[in-house]
Each structure stands twice: as structure tokens, then as C-alpha cells.
Amino acid sequence: MKRRQFLQSTATSCTATWALGAISAFGAMDPARAQAAAGRVVVIGGGVGGATAAKYLKLFNPALQVTLIERNATYVRPYGSSEVLNGHASMASLDVSYDALRSRHGVQVLIDTVTGLDATRRHVITASGQRVPYDKLIVSPGIELMYSAYEGYSEQVARTAMPSGWIPGEQTALLARQLQGMRQGGTFVLVAPPNPYRCPPGPYERAALMTEWFRRHNPTAKVIVVDPKDSFVTDETMMLGWNRLYGFNLPDDYAKRMAPRVELQRHAGPGMLSWVRAQDGGRVLKVDAKRMRVETEAEVIQADVVNIIPPMRAGALARSLGLVDKSGWCPVDRRNFASSLVPDVYVIGDASIADAMPKSGYSANSQAKTTARAVVEQLAGRPVPEPVWENTCYALAGKDYGIFVADVFRLVEGRITRINGAARYLPLDATPTQIRLGARYQQAWLRTFTEDVFA
Ligand SMILES: Cc1cc2nc3c(=O)[nH]c(=O)nc-3n(C[C@H](O)[C@H](O)[C@H](O)COP(=O)(O)OP(=O)(O)OC[C@H]3O[C@@H](n4cnc5c(N)ncnc54)[C@H](O)[C@@H]3O)c2cc1C
């Protein structure tokens, strides 16, 4: 595929175009059939997966009674939340309302915390004492951060000294204040998480955005990414951006591998940004919040600001509902995301085990649509169509430097498998205009994606 075609196709594939395509491809039901196939569907978790599922259930069959149970009155979107750290976005701009789901789509939104499940009687139990009956239940509980994974780290430390901010909220605001107030020439350490985790390019985008910000406001600052991995998705295109923008020298093996395809700059000195991967001792052993130290396998780093993105597992709700296996995530029948552990329950989004699909908002949205369709068809007693899923993750290496990974997935021998070929990424020889366009697409995606999920 030509570069321009590829950029154009990925730019449109993630927007409302897909959503409209999905409805017309599946087809809304005529009223008589819809009524006959109606039932009660409860969705728990009003994040990306849950909100998309609730909306598309109603779009596919308006006669369904759909109740969305969410503990917070307003959703704080994680995607795009690193832009609060460099002042591109405000905390308030992350807030998303459930009003359109209620008024435009007829979803009943119940603000309450789910505490349990009676799978035999098919009731969801909430903190306020309600028992909400269902025929089918879709759960999209997101992730839980494992704060105790590193010696010296805890939720309390994250709240007060070394924030994570991977679930946006108070910690995001604290981290923004710490970074923007860091002393001149200070050191910012970002601890990247092990696989699998929410938003694979996200930690590296965050490091890039802060390096760009420091270059203007704190030009002698250092940014050190310590990593328990040796590679990450979009690593070549992201590090090419770092090389061009921040004086970053790629590790020799990357430089050698990429040299035939792109000209890399060789910088004298270490540059503002460094990446210490697993093979160079990037694994964290412990942290000391009082002395602001991070001890890795290679060294003890004295820091001024520390952002720890800890290991993750399925959201606590998934465990309390009995949806989690030994891996810490939720096993599902890949055809329709039905839980392998509890009947009539479906688990989507970050919490589910989805093989090659990354834990991203785009994936959660795509899974929600195919699962909503499967539920509608099952309630109507019809066969469920063969699912196809997509994911596109845009990321910024700088404000005007956009990169992406774009994939399509199908079932192959019962596993969710990537079926597109090698052309997944922004090409290494992309022109400056294509790179700038990538950044525009990222900003457009934030807007159109939020509309597709919540509006
Ligand atoms: C910095 C950052 C950048 C990102 N950028 C991108 C990006 O560019 N593109 C992309 O595709 N993805 C991105 N993501 C990832 C994306 O935000 C997540 O993958 C997505 O939100 C997952 O959706 P979900 O429905 O699984 O979980 P969530 O969106 O977290 O939703 C879970 C919901 O469940 C609710 N809940 C939990 N327990 C209960 C309970 N007991 N009772 C009631 N409600 C409950 C929570 O309150 C929450 O609203 C990014 C994430 C981060 C942190």
C-alpha cells in the first residue's frame, strides 16, 4: 500500500466512519423483530468498553432494556491524559458526561458501585443495596494497578510522592505539578511497566512529551525511562522521533537494524532522554520515596520526579465477580467475549484476555461492538456473525510528530490473531508532512473517538 493511502486509511478507520459502517453492516432491526428479541442487558463499567457496549446495544436493538452501572458520575478519560502533564490539556478537559447515552440513546445510567453478582438468579448487587436483574451481563472493569509490586512503593506513596497517573485523577494532577515545578537541571525518572499493560505506546509518548516540554522550560533537565522490557510496540518510529527531536542515540542493535531504511543522526553526548532497557539493567528492584531514589538492576538513580507505571491486572471488580483466572486477567470465549468462568457474562476491554489485541481504548471499543452484536443476536436466537476487530494507537513523539500502529484481527484456530502484514507503522521514510499529519490525526482521533463511545 502506498504511504499516502495507508495514512489516509488509518486516519479514517478510527473515527465515526467505522461506527456508521458498523451499524449499516450489521443493520438495525425492524421494530417488530426488535421487540421479539428484546431483553434486559446490564453493562458494568462506564469506561470505553462499557459505554460503547451500552450505546451500540441500543443502536442495534432499540427495544432492549440497557442499564449501565458506573461508580463515578463523570468518566475521566485515560487516553490523551499525558497531555495534562505538559499543559496541552487541562484536567477538566478529560471529563466525559453520560448525558448523551441517557438522552440520545435511552440507556439507563445508574451511578452506583457494583459489589457482587448472583449468577444463578442473574442479579447484579450494588453498594446501595440494589439488585439489578439481567438476561445478559457485559463487564468492562478496566485495570487495577499493582502498587505493591516494587519494594517501597504503595498506593499511599503513589498518592503523595511518586505518582502513577495511569488511571487518571488526582495522581495525574500531582504529577503535572511536580514535573512543571521540577528544579532546573533535575532528573525525571519514568518506570515503564512489564507486559501486558494498558496502552503499549503510552509510557514512551509520556516521556517524549515531557522531554519536549523540558527542552523549552528546563533545558538542562534529564528524562530517564527505566524499563523491564527490551522492546515496545512502535519502538523504531518512536525512537526515530526521539533521535531527531531530543538528541537521543538509539541502542546499537536498533541503529544497525534501521540503518538500511533510514538515516539516523549521531549525537555527541547522551542527550536529554535516555532509555535503560532490561538487558541494560532497567528492571526496578525498589524505590525510596523519602530520598527520591529508584534502584534498578544497574544502578541507584537519584531523581527529582518519579512516575511509576506499575504492573497491572484486571480491575478489582473482575476478581470479586469471579471472572479472573490465575493470570490475573479474564478468560473469554474469543468468538464473543463470553466469560469462560461465569455463564451469561461477557468481559471486554483491558480486563479481558484477547491474545494479539493490545489493551487499548480502540480495542475495547472494537470488542464492545462485536460483543454487543453477539448479545443482540443471541437474545434473538440467531447465529452470531464472525467477528473482525481493529486497533489503531496514535502516539506523539512531540507535539507535531505523530506516529501510529494500525492492525486488523480475526479468529484463527480459536485465537485472536493479527491478519495484516508488515505495514503496521508509520513508515520510517515518512515525509515531514506525513509526520505532522500523524499528530493532527492523533488530536482528531481523541475527539471523534470520544464521540463514538459516549455521544
Ligand atoms: C496515558 C494513557 C494514554 C492512553 N492513550 C490511548 C490511546 O491513544 N489510544 C487508545 O486506544 N487507548 C489509549 N489508552 C488506553 C485506554 O484509555 C484504555 O485501554 C481504555 O480506557 C480501556 O477501557 P475499559 O473499558 O477496559 O476500562 P476503563 O475505561 O478504565 O473503564 C472501566 C470503568 O469501570 C468502572 N468500574 C470499575 N469498577 C467498578 C465497580 N465496582 N462498579 C461500577 N463501576 C466500576 C470504572 O469507574 C471505569 O469507569 C491510554 C491510557 C493511558 C493511561
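Values in this document were obtained by computation on a predicted structure and should not be read as measured data.

Cut-offs used in this document
Residues numbered from 1 in each chain as written. Predicted model: local features only at pLDDT ≥ 70, side-chain atom pairs only at ≥ 80, totals over all residues. Near = placed C-beta within 6 Å. Helix = DSSP H or I, 4+ residues; strand = E, 2+ residues; numbered from the N terminus. Domains from an automatic or database assignment. Axes fitted to C-alpha atoms, helices over the stretch in contact; angles between N-to-C directions. Left-handed = near helix turned anticlockwise from the far one by under 90°. Contact = placed C-beta atoms within 7 Å. Nonpolar A, V, L, I, M, F, W, Y, C, P; charged D, E, K, R; others polar. pLDDT = per-residue confidence, 0-100. Pairing = 2+ DSSP bridges.

## Looking at the site of the ligand
And then number 1: Neighbouring residues of the ligand: 37 residues in total, closest Gly 45, Gly 47, Gly 49, Gly 142 and Gly 349.
And then number 2: Of all the elements in the fold, those that place two or more residues in the shell around the ligand are helix H4 (48-60), strand S2 (65-70), helix H12 (361-379) and strand S22 (388-398).
And then number 3: Viewed by domain, the shell around the ligand spans two of them, domain 1 (14-144 + 313-387) and domain 2 (147-310), each represented by three or more residues.

## Describing the packing of H4 against H12
And then number 1: Closest axis-to-axis distance for the H4/H12 pair is 8 Å, and the angle between their directions is 35°. In terms of crossing hand, the pair formed by H4 and H12 is right-handed. In this structure, H4 contributes Val 48, Gly 49, Thr 52, Ala 53, Tyr 56, Leu 57 and Phe 60 to the contact, and H12 contributes Gly 361, Ala 364, Asn 365, Gln 367, Ala 368, Lys 369, Thr 371, Ala 372, Arg 373, Val 375 and Val 376.
And then number 2: When grouped by side-chain class, the residues that make up the contact of H4 with H12 number 10 nonpolar, six polar and two charged.

## Observations concerning the confidence of the model for the chain
And then number 1: In the predicted model, the chain carries a mean pLDDT of 93, and the fraction of residues at 70 or more is 92%.
And then number 2: Every residue in residues 1-26 is under pLDDT 50, and counting partners more than four places away or in other chains gives 32 contacts.

## Observations regarding the sheet that holds S22
And then number 1: Pairing within the open sheet is antiparallel, and its three strands lie in the order S22-S23-S24. Of all the strands in the sheet, just S22 and strand S24 (415-418) have a single pairing partner and so form its edges. On average, each strand axis in the sheet is inclined to that of its neighbour by 30°, with strand direction left out of account.
And then number 2: Of the pairings in the sheet, the one linking strand S23 (residues 401-412) to S24 comprises four bridges and is antiparallel in character. Of the residues in S24, the one forming a bridge with Val 412 is Arg 415.
And then number 3: Of the strands in this sheet, S22 and S23 are in contact with helix H13 (residues 432-454), which crosses S23 at around 65°.

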